[in-house]
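Now for the letters of each chain:
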Amino acid sequence: MLTTVFEIRKKIIEAYGKYEYIIAPAFKFAVAFLLILTIDKHIGFNAGLTNKLLGVIIALVCTLVPMNFMAAIMVMLVLAHLYTLSLETMIVAAVIFMLMLLLYFRFSPKDTVMLLLLPLAFVARIEYAVPVVAGLLFGPGSAVGVGFGVVITKYLSYVEQNKAVLGNSEIGPATVDNFRNIVDALLQNRSMWIMAAAFAAA
């Protein structure tokens, strides 16, 4: 069984190396555009950023830059949408992204694709395939990206489901309550932490 797994991995890497000049740009465009559509659909709070033509332009730009820059572009889009909803949702997301990037660049700077694919996998309901693919194609360091990918995806899902409560644009007592509710929801979400740990271990 293990021999078969390594054979599959070897064939995938060989095929990618042979047709990289075609596969890489097409893959980048597809991932970027699908991510933009997913972001717009689930947390598209900023109407100006949900324009389809703008999405195509951003996706084309992503084909010209490394994966790390593509991830940075997606992070900025997410933060812009969250800021439109409320300042506190954006700040919490920014802190998560900051922790993720600090650990990510320490342990797994070349596995950005795992961060980008996980949200799409959740939408397609094939999220359990991500740690398997990561185990086949990447090193143990990809566990960091996969684990944090679960956390940020679940957080954005929480924001989407509670946007009516969290969408308070005025700074005041409600802002403090929103911060407290968001942090409590993250820390007390046992299923999220168990899933993140399981994905990282796998």
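All figures in this text were calculated on a predicted structure; none of them were measured in a lab.

With that settled, consider the overall build of the protein. Of the regular secondary structure elements, the protein holds 11 helices and zero strands. Each of the 202 residues in the protein was classed as buried or not, and the buried ones make up 38%. Put simply, 74% of the contacts in the protein that link residues at least 6 apart link residues at least 24 apart.

Relative to the assigned elements, His 81 resides in helix 4 (residues 67-85). For His 81, a relative accessible area of 1% puts it in the buried group. Among the polar contacts listed, one links the side chain of His 81 to the backbone nitrogen of Asn 46, at a separation of 3.1 Å. Among all residues touching His 81, those that are not within four sequence positions of it are Ile 39, Asp 40, Ile 43, Gly 44, Phe 45, Asn 46, Leu 49 and Thr 50.

This part covers the packing of aromatic side chains. Overall, the coordinates contain two aromatic pairs when judged by the stated rule. Taking 5.9 Å as the distance between ring centres and 10 degrees as the angle between the ring planes, the aromatic pair formed by Phe 29 and Phe 33 counts as stacked. Linking Phe 29 with Phe 33, this pair stays in helix 2 (residues 20-43), spanning four residues, or about one helical turn.

The subject of this paragraph is the confidence of the model for the protein. Regions with low pLDDT carry predicted coordinates that are not meant to be interpreted in detail. The predicted model of the protein averages 81 in pLDDT, with 82% of residues at 70 or higher. The least confident element of the protein, judged by mean pLDDT, is helix 1 (residues 2-18) at 63; the most confident is helix 3 (residues 52-62) at 92.

Here we take up helix 6 (residues 112-123). Taken across its 12 residues, helix 6 has nine buried, putting it largely inside the fold. Within helix 6, the full set of buried residues consists of Thr 112, Val 113, Met 114, Leu 115, Leu 116, Leu 118, Leu 120, Ala 121 and Phe 122. Backbone geometry just downstream of helix 6 places Arg 125 in the positive-phi region, at approximately 60 degrees.

Look at Arg 125: it is not a glycine, yet its phi comes out positive at around 60 degrees. Looking at the element boundaries, Arg 125 is found in the loop between helix 6 and helix 7 (129-137).

The rules behind the values
Residues numbered from 1 in each chain as written. Predicted model: local features only at pLDDT ≥ 70, side-chain atom pairs only at ≥ 80, totals over all residues. Heavy atoms only, no water. Helix = DSSP H or I, 4+ residues; strand = E, 2+ residues; numbered from the N terminus. Buried < 20%, exposed > 50% of the residue type's maximum accessible area, 1.4 Å probe, protein only. Contact = heavy atoms within 4.5 Å. Polar contact = N/O pair within 3.5 Å; in protein donor to acceptor, adjacent residues only side chain to side chain. Phe/Tyr/Trp six-rings, centres within 6.5 Å; stacked < 30°, edge-to-face > 60°. pLDDT = per-residue confidence, 0-100.

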